[in-house]
Amino acid sequence: MITDTSSAVNAAADPHTAGSTATHIVRVGPVNPHVAQVLDEEFRALVLPTDPAEQSDFLQEHAEQIRIAVCSGRFGVGTELMRALPSLEAIVNFGVGYDATDARQAAERGIAVSNTPDVLNDCVADTALALYLDTLRRFTASDRFVRAGRWSSGEGFPLTTRASGRTVGILGLGRIGAAIAQRLEALGCTIHYHNRRERPESGFTYHSSVRELAQAVDVLVVAASGGPDSAGLVGEAELAALGPEGHLVNIARGTVVDEPALVSALSNGTIAGAGLDVYAHEPQVPETLLGLDNVVVLPHVGSGTRETRADMAELTLANLRQFLRDGTLITPIG
Ligand code: 8YV
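Residues numbered from 1 in each chain as written. Predicted model: local features only at pLDDT ≥ 70, side-chain atom pairs only at ≥ 80, totals over all residues. Heavy atoms only, no water.

Undergrad: Looking at this structure, I do not really get the site of the ligand. What am I missing?
TA: As a matter of local geometry, the ligand sits amid 13 residues, with Val96, Gly97, Arg253, His300 and Ser303 nearest to it. Relative to its free-state accessible area of 320 Å², the ligand is covered by the protein chains to the extent of 86%. A class-by-class count of the residues in the shell around the ligand yields four nonpolar, six polar and three charged. (Near = heavy atom within 4 Å. Areas by Shrake-Rupley, 256 points an atom, 1.4 Å probe, with all protein chains shown as cover. Nonpolar A, V, L, I, M, F, W, Y, C, P; charged D, E, K, R; others polar.)

In structure tokens:
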């Protein structure tokens, strides 16, 4: 859909734009409904068409004027789109992860990028804890067992694995990783980690490689940011190191784990089980995983509560407003 140009120019009374070309904002992909509504009603933002031919016409007409893009962690401003926007000054991203945006090009061109850190730490960490418990104790599998009438017909559910007091490895000890560690400590777990930089202040045991970390723990929890630097950090060798009693939880990005290697490891018993909220090609989940009972599959719901999404929406709009006011962002990416 191409937005009518007559409604696409933002109020020129804005102090940041007064006296210069009026600000053009474009929304890239679907975003949170409240953010989309405010973009439309308050900012008269343009909407980037998804159809390639329409997108090309749209860019021909508007590319020169667009200064701000608002996107989500899923549909960011990728390499080609960013190249096609010569006047872009800021990318306002709904979500803490911005791996769908070409952050390198943005840095090279001095384009400011914001995300929504912190406000989602608790909900994402809660999701990791739920996956951790479900993967080891197989609660959703046992729910399926009851619903299928197997309990009432006299069958007993197989014994599972103790979740308390385990040694757990956190891959990526950032804000979300730390919130996960805090929850696991309440279960009496011992925390090990691998992170780009060592964090001695955490008091947890550091490993200098993912393979060493996987070797040392019962469960590996992936909490590292996505993007080119972390792609495939957990591969065949790391899964083999985790071992046949080992479990994997991923609430970060599907790309951090080599997905075909994970599917094989779960199918052939290289590892015992996995709890996944994220996948390499969302919303596609590898067909093989759907047929395995040792995997819990969630539809990327980590931050998906009304409260947290409202906080993320507020922070997204606050970043946009501040950029329009003084050219700075509240939560620029680090
Ligand atoms: C959201 C997320 O589902 O913040 C992130 O990076 O993965 C989730 O909180 C996603 O950003 C929505 O686009």
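Here the narrative resumes.
Undergrad: Help me understand the packing of aromatic side chains in this model?
TA: Two aromatic rings, taken as a pair, are described by how far apart their centres are and by the angle between their planes. Overall, the coordinates contain two aromatic pairs when judged by the stated rule. With centroids separated by 5.4 Å and ring planes inclined at 55°, the aromatic side chains of Tyr193 and Tyr206 adopt a geometry described as tilted. Of this pair, Tyr193 sits in strand E7 (residues 190-194) while Tyr206 sits in strand E8 (residues 205-206), and the two are 13 residues apart along the sequence. (Phe/Tyr/Trp six-rings, centres within 6.5 Å; stacked < 30°, edge-to-face > 60°. Helix = DSSP H or I, 4+ residues; strand = E, 2+ residues; numbered from the N terminus.)

Undergrad: What's the story with helix H6 (residues 139-147) in this structure? I'm lost.
TA: What sets the pattern is the α-helix's 3.6 residues per turn: residues three or four places apart point alike. Taken together, the buried positions of H6 are occupied by Ala141, Ser142 and Phe145. Buried residues in H6, looked at end-on, bunch into an arc of 95°, giving them a common side. Following H6 by one or two positions, Gly149 has its phi on the positive side, about 75°. (Buried < 20%, exposed > 50% of the residue type's maximum accessible area, 1.4 Å probe, protein only. Arc of directions from axis to C-beta.)

Undergrad: Just to check I follow, could you spell out the sheet that holds strand E3 (residues 66-72) for this structure?
TA: Sheet strands pair by backbone hydrogen bonding; their relative direction is either parallel or antiparallel. As summarised here, the arrangement of the five strands in space is E2-E1-E3-E4-E5, forming an open sheet in which the pairing is parallel. Edge positions in the sheet fall to strand E2 (46-47) and strand E5 (112-114), since each of these pairs with one other strand and no more. Where strand E4 (residues 90-94) lies against E5, three bridges are found, and the strand directions are parallel. Its bridge partner being in E5, Ile91 is matched across the sheet by Val113. Against the sheet, helix H1 (residues 33-41) contacts strand E1 (24-28), E3 and E4, and its axis sits at roughly 150° relative to E1. Sheet strands in contact with helix H12 (residues 306-326) are E1, E3, E4 and E5, and its direction is about 170° off that of E4. (Pairing = 2+ DSSP bridges. Contact = heavy atoms within 4.5 Å. Axes fitted to C-alpha atoms, helices over the stretch in contact; angles between N-to-C directions.)

Undergrad: What is the right way to read the packing of helix H5 (residues 121-137) against helix H7 (residues 175-186) from this model?
TA: Packing of H5 against H7 brings their axes to within 9 Å, and their N-to-C directions diverge by 50°. By the angle class used here, H5 and H7 are oblique. Taken as a pair, H5 and H7 cross one another with a handedness that is right-handed. Note on element contacts: H7 touches H5 through Arg175, Ile176, Ala179, Ile180, Arg183 and Leu184, opposite Asn121, Asp122, Val124, Ala125, Asp126, Ala128, Leu129 and Tyr132. Tallied by class, the residues present in the contact of H5 with H7 amount to nine nonpolar, one polar and four charged. (Parallel < 35°, antiparallel > 145°, perpendicular 65-115°, else oblique. Left-handed = near helix turned anticlockwise from the far one by under 90°.)

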